[in-house]
Amino acid sequence: MSQLIEEPRLFENLCSTHYLGLGFILVKRNRGKPGIDDVSIADFEANLDEELSQLQQELSNWTYQPSPVRRVEIPKPER
C-alpha cells in the first residue's frame, strides 16, 4: 500500500508572510502606485512586518475585504 504524500496547498502558501513579502518586493520593483486607499509603497514598507502580518491574518481568517479598483478612462481617437 503506497503512502499518501500531502502536497502543500496553494492558498496556505499564498497566505504565508514569506510569499506576501515576495509579492511586496515585486510591486516595489515595478514602482507600484498607491491604490484607492492612497497608501504609498514607502508608507507600506515603513510598517512592512505589521502590514504583512495583518494581511496574512485577514487572508487566513477569510476576513480580507479588497478595496475597489481605481478606474482610469483612456481616451481613444474617433475613427
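Above this text is the structure in question.
What you are looking at is a predicted structure, and each value in this text was computed from that prediction instead of being measured. (Residues numbered from 1 in each chain as written. Predicted model: local features only at pLDDT ≥ 70, side-chain atom pairs only at ≥ 80, totals over all residues. Heavy atoms only, no water.)

A. Region of the structure containing helix α4 (residues 48-60). If you check α4, its first and last C-alpha atoms are 18 Å apart, about what 13 residues at 1.5 Å a residue would give, namely 18 Å. A positive backbone phi angle near 60° is found at W62, which sits one or two residues after α4. (Helix = DSSP H or I, 4+ residues; strand = E, 2+ residues; numbered from the N terminus. Expected span 1.5 Å × (residues − 1).)

B. View of the packing of aromatic side chains. All told, the structure shown has two aromatic pairs when counted by the stated rule. Ring centres 4.8 Å apart and planes at 15° place the aromatic pair F11 and W62 in the stacked group. Here F11, found in helix α1 (residues 10-14), pairs with W62, found in the segment after α4; they are 51 residues apart in sequence, far enough to count as distant. Residue W62 is classed as exposed on the basis of its relative accessible area, which comes to 68%. Ring centres 5.5 Å apart and planes at 25° place the aromatic pair F24 and F44 in the stacked group. Here F24, found in helix α2 (residues 17-29), pairs with F44, found in helix α3 (residues 41-46); they are 20 residues apart in sequence, far enough to count as distant. (Phe/Tyr/Trp six-rings, centres within 6.5 Å; stacked < 30°, edge-to-face > 60°. Buried < 20%, exposed > 50% of the residue type's maximum accessible area, 1.4 Å probe, protein only.)

C. Quick peek at the packing of α2 against α4. At their nearest, the axes of α2 and α4 sit 10 Å apart, and the two run at 120° to each other. When the axis of α2 is compared with that of α4, the two are oblique. α4 is crossed by α2, and the crossing has right-handed handedness. Contacts between α2 and α4 involve T17, L20, G21 and F24 from the first element and L48, L52, S53, L55, Q56 and L59 from the second. Residue composition of the contact of α2 with α4, by class: six nonpolar, four polar and no charged. (Axes fitted to C-alpha atoms, helices over the stretch in contact; angles between N-to-C directions. Parallel < 35°, antiparallel > 145°, perpendicular 65-115°, else oblique. Left-handed = near helix turned anticlockwise from the far one by under 90°. Contact = heavy atoms within 4.5 Å. Nonpolar A, V, L, I, M, F, W, Y, C, P; charged D, E, K, R; others polar.)

Remember, this is a structural readout, not a statement about activity or role.
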